[in-house]
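Reading the structure
These are the residues of each chain, in order.
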Amino acid sequence: MSEYIGIVIFFALTGAVVSVFIALSTFLGPSKPSKIKSEPFECGEIPFALPMGHVAVKFYLTAILFVLFDVEVVFLYPWAVAYSGLGLTGLVEMVIFIVILMAGFFYAWDNGALEWS
Amino acid sequence: MTDLALLAPELVLVIAALVLIVVARRVQRALPAALFVILAAVASVGAGLIFSGQGIGFQASISNDSYTHFFKVLFAATLALGALLSVKHLDAEHIRPAEFYALLLLSSTGMMLAASATDLLIVYLGLELMTLCSYVMVGVTRERSASNEGALKYFLLASFASALFLYGISLAYGVTGATEYAAIASAVQQRGLTGDPLLLAAVILVGVGLAFKIAVVPFHAWAPDAYQGASTPISAFLASTSKAAGLAALGRLGLMAFAPEQPVWSAVLVWFAGLSMAGGSLLALSQTNMKRMLAYSSIAHAGYALLGLIPGTPDGVSATMAYASAYAFMTLGAFGVVIGLGSRGEELSNFRGLGASAPGTAAVMLLFLLSLTGIPPTAGFAAKFGVILNVVRSGHTVLAVLAVVCSVVSAFFYLRVAVLMYMTEPQGAAPGRLPAVVSAALAVAAFMTIVGGMFPETFAAWTIPP
């Protein structure tokens, strides 16, 4: 277990530093709460709002198609690096993988996911 | 390349699913697609017989033995029945048939993979493929809010369960340095890890993860909502086959990977089985919706099926195999009658006087209800007898008594339907004839239920543990 001692020290230090900062700002800092200050901070966004209006579904379709090719590349790179060692089996399995992906891509294309209108 | 032959049945189903996805836009009616799926199911069994044979492959992560073949045939059969039962619903609810059947095929592929896996990660992969397709199928009727609610609950709880399962796998890997079953068992024995607290945590987490998949009390909360919200054919498919897939994985795990941890494994299963039988039976008593009642009944049956896994003997596992298959057919049958009656079949009160207005339908329903209760000469009785016998032999007498008591309790809510059908006056118009596709599926399910009860030894010859 000795290799974990560094992590334990790290956790202890992190906890100590964070507690000290919170304690200092609580005791030393001026406290003038207002409605806006008490809201959860969310990078300038209004944190709670009812979903108003619509977001066109075509944005999601594009995003999903991007993920399709992203996944393909993620698997193709290590396969290409290890290609010489994998032989025919590796080639056949990669072809199967691409065929399955392309069937999905064809489905999206066929159903109008690429038409931006 | 020879390894791929071990997966011939799965490959056939995947190819069929891809074909359906590619031609999806050109398929308007459900019937041709359903016939194609049935053809694929038959072809996958044939491919298994011709190409697969026996053996292990993919670095000992896939094993093809009689256990695998049994479950693959079962999943192919339930896939075909599920395809038949859903034809009318897809047309009526305007669900695009090709996509739906592609999901059904891929879901069955996942189940087959889970049954043949001898590696924790492959089991995870198979079960995840099965459930990912199931979420979509539960929520496929987008206009109905109950369907969306069911799908979302199912997704959230099952993802949580998958996380627990994965955490269990990572702990098992951390302790033993392996994810293959045989390697885990031998590492535990050689290094004397039995009783290691981290390994115990892994065993419990993996057990809990799989318990979610087969909807065992206290991890059953998603099942009633998902089954009620989903379109009835999907509930039927999920209730019958996802249990069998989870049980297939549990059976192999207990016998191969966690055999050195048998006391803990069986203690976990004793609690799951006891709570599930009692909880499922008691909660089913107050249901007035037929699908919800069958959902609670499926929870109770998951408990009975687990009984066979408690002793950790090959005999017990084969009793659970018999239970899983008998249960799959009788549940598909009971849901099939609900499907055949259409929207009328969903409320319990609509079964009033069915014996007079539709004698054939009522008789078939009675058969499935008797089988679900466990009354001879049906498959339900033979299967229940097998698992209770095994649990008595292993010395868990209290659990066996609980199982019998729960059967008596379950008789009340199953036979209440029979009383409504035969001893009350008909209400409203008589239901029309059952659609031909539903009748065909019901005939197969009824045949299996009767044969399984009359000749239980015929099934016993098939249920060979790994």
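See the structure shown above.
Residues numbered from 1 in each chain as written. Chains lettered and ligands numbered in written order. Predicted model: local features only at pLDDT ≥ 70, side-chain atom pairs only at ≥ 80, totals over all residues.

Digging into the overall build of chain B
Applicable threshold: Secondary structure is summarised from DSSP: a helix means a run of H or I of at least four residues, a strand means a run of E of at least two, and numbering begins at the N terminus for each. It is over C-alpha atoms that the radius of gyration is taken, and the globule rule equals 2.2 Å times the number of residues to the power 0.38. A pair of residues counts as a contact when their C-beta atoms, built from backbone coordinates, are within 7 Å of each other.
The helix and strand tally for chain B stands at 20 helices and 2 strands. Whereas a compact globule of 466 residues would reach a radius of gyration of roughly 23 Å, chain B reaches 21 Å, a difference of no more than 12%. Once local pairs closer than 6 in sequence are excluded, the contacts in chain B between residues at least 24 apart make up 81%.

What about the environment of Ala33(B)?
All names here are of chain B. Put simply, the rule is: Any residue whose C-beta has 12 or fewer other C-beta atoms within 10 Å is treated as exposed, any with 20 or more as buried, and any in between as partly exposed, C-beta atoms being built from the backbone.
By secondary structure assignment, the location of Ala33 is in helix H3 (residues 30–52). When the 26 C-beta atoms within 10 Å are taken as the criterion, Ala33 is described as buried. A sequence separation of 50 residues divides Ala33 from Ala83, and the C-alpha atoms of the two residues are 8.6 Å apart. Apart from residues lying up to four places away in sequence, Ala33 is in contact with Leu20, Val27, Pro97, Ala98 and Tyr101.

A closer look at the packing of helix H12 (residues 262–284) of chain B against helix H13 (residues 290–307) of chain B
All names here are of chain B. Quick note on the threshold: All axes here are fitted lines through C-alpha atoms, helices being fitted over the stretch that makes contact, and every angle between N-to-C directions spans 0 to 180 degrees. By definition in this entry, angles of less than 35 degrees are roughly parallel, angles greater than 145 are roughly antiparallel, angles of 65 to 115 are roughly perpendicular, and the rest are oblique. Each crossing gets its hand from how the near helix is turned against the far one by less than a right angle, where anticlockwise is left-handed and clockwise is right-handed. Ten residue types, Ala, Val, Leu, Ile, Met, Phe, Trp, Tyr, Cys and Pro, are classed as nonpolar, four, Asp, Glu, Lys and Arg, as charged, and the remainder, Gly among them, as polar.
At a minimum axis distance of 7 Å, the contact between H12 and H13 shows a crossing angle of 155 degrees. Taken together, H12 and H13 sit at an angle that is classed as roughly antiparallel. With respect to the hand of their crossing, H12 and H13 are arranged in left-handed fashion. Counted together, Leu269, Phe272, Ala273, Ser276, Met277, Gly279, Gly280, Ser281, Leu283 and Ala284 of H12 and Met293, Tyr296, Ser297, Ile299, Ala300, Ala302, Gly303, Tyr304, Leu306 and Leu307 of H13 form the full contact between these two elements. A class-by-class count of the residues in the contact of H12 with H13 yields 14 nonpolar, 6 polar and no charged.

Re helix H11 (residues 232–257) of chain B
Every α-helical turn comprises 3.6 residues, leaving residues that sit three or four positions apart pointing alike. The line we're drawing: One less than the number of residues in a helix, times 1.5 Å, gives the span that helix is expected to have. Consider a residue and the seven residues that end there alongside the seven that start there; fitting an axis to each set, the bend is the angle between those axes.
If you check H11(B), its first and last C-alpha atoms are 36 Å apart, about what 26 residues at 1.5 Å a residue would give, namely 38 Å. Approximately 25 degrees is the largest bend angle found in H11(B), and it occurs at Leu238(B).

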